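Given next are the chains, with one letter for each unit.
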Amino acid sequence: MTELLERISVLHKEQFESSGITCKINCRDATLEIWMDERIIEQVLINLVKNAMEALLETPEPELTLSAWQSGGEAILAVKDNGTGIPGDQLDHIFIPFYSTRDKGSGVGLSFSQHIMRMHRGSIHVRSKQGEGTEIQLVFSRD
């Protein structure tokens, strides 16, 4: 999984540098393997990173972390930022197609991501606190 996370980081390197974003990679288990269509999951991660970078625009000392680990019978990939966070009243709506918290957002990215995770017999979880940031986890069943 480290290679996938590093590829995502390198893909966005110029944008990170121009925006002053520190990107960290945290792969707790170097041997972690996940049954997935890597190209499609890479697109999901790219979308999540794009969303995180937008949330970091007004953040002093912006930081984004790409992580992978296993917990019990699950493998988890996560994108975490210390950005603006998602207001609590909007959290219930972010997976609705065409719903966006941004003026220029299309509202298809997270609904697409959720669909892809269902196709992988997994799920997507969001933890967010306004003013502190957001973590989105792609959870894959190991069964």
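Keep in mind that what you see is a predicted model, and the values were worked out from it rather than measured. (Residues numbered from 1 in each chain as written. Predicted model: local features only at pLDDT ≥ 70, side-chain atom pairs only at ≥ 80, totals over all residues. Heavy atoms only, no water.)

Caption draft 1: Examining the packing of helix α1 (residues 2-11) against helix α3 (residues 38-55) more closely. Where α1 contacts α3, the two axes come as close as 10 Å, and the packing angle between them is 45°. Taken together, the axes of α1 and α3 are oblique relative to one another. When the axes of α1 and α3 are compared, the crossing they make is right-handed. Judged by residue contacts, Leu 4, Leu 5, Arg 7, Ile 8 and Leu 11 of α1 engage Glu 38, Glu 42, Leu 45, Ile 46 and Val 49 from α3. Classifying every residue of the contact of α1 with α3 by side-chain character gives 7 nonpolar, no polar and 3 charged. (Axes fitted to C-alpha atoms, helices over the stretch in contact; angles between N-to-C directions. Helix = DSSP H or I, 4+ residues; strand = E, 2+ residues; numbered from the N terminus. Parallel < 35°, antiparallel > 145°, perpendicular 65-115°, else oblique. Left-handed = near helix turned anticlockwise from the far one by under 90°. Contact = heavy atoms within 4.5 Å. Nonpolar A, V, L, I, M, F, W, Y, C, P; charged D, E, K, R; others polar.)

Caption draft 2: Region of the structure containing α3. Taking 1.5 Å of rise per residue, the 18 residues of α3 would be expected to cover 26 Å, and the 25 Å separating its terminal C-alpha atoms lies within 8% of that figure. Considered for burial, the residues of α3 that qualify are Ile 41, Glu 42, Val 44, Leu 45, Ile 46, Asn 47, Leu 48, Val 49, Asn 51, Ala 52, Met 53 and Ala 55. (Expected span 1.5 Å × (residues − 1). Buried < 20%, exposed > 50% of the residue type's maximum accessible area, 1.4 Å probe, protein only.)

Caption draft 3: Geometry of the pattern of salt bridges. A full pass over the atoms with the stated rule returns 7 salt bridges. Notably, a salt bridge pairs Glu 54 with Lys 50, separated by 4.0 Å at the nearest N-O pair. Of this pair, Glu 54 and Lys 50 both sit in helix α3, 4 residues apart, which is roughly one turn of that helix. With a shortest N-O distance of 3.9 Å, Glu 135 and Arg 127 are connected by a salt bridge. Among the residues examined, Arg 127 registers a relative accessible area of 54% and is labelled exposed. Through salt bridges with shared partners, one network takes in Arg 7, Glu 38 and Glu 42. (Salt bridge = Lys/Arg side-chain N within 4 Å of Asp/Glu carboxyl O.)

Caption draft 4: Highlighting the nonpolar core. In this structure, Met 1, Ile 41, Leu 45, Leu 64, Leu 77, Leu 138 and Phe 140 are the most contacted members of the largest nonpolar core, which totals 35 residues. Those elements that place two or more of their residues in this core are α1, α3, β2 (63-71), β3 (74-81), α5 (109-119) and β5 (133-141). Tallying contributions element by element places α3 first for this core, with 8 residues. (Core = buried A, V, L, I, M, F, W, Y, C linked by side-chain atoms within 4.5 Å.)

Caption draft 5: Region of the structure containing the sheet that holds strand β1 (residues 22-27). With mixed pairing, 5 strands are arranged side by side in an open sheet as β1-β2-β3-β5-β4. Two strands close off the open sheet at either side, each with one partner strand: β1 and β4 (122-129). In this sheet, neighbouring strand axes are inclined to one another by 15° on average, regardless of whether the strands run parallel or antiparallel. One ladder, built from 6 bridges, connects β1 with β2; its direction is parallel. (Pairing = 2+ DSSP bridges.)

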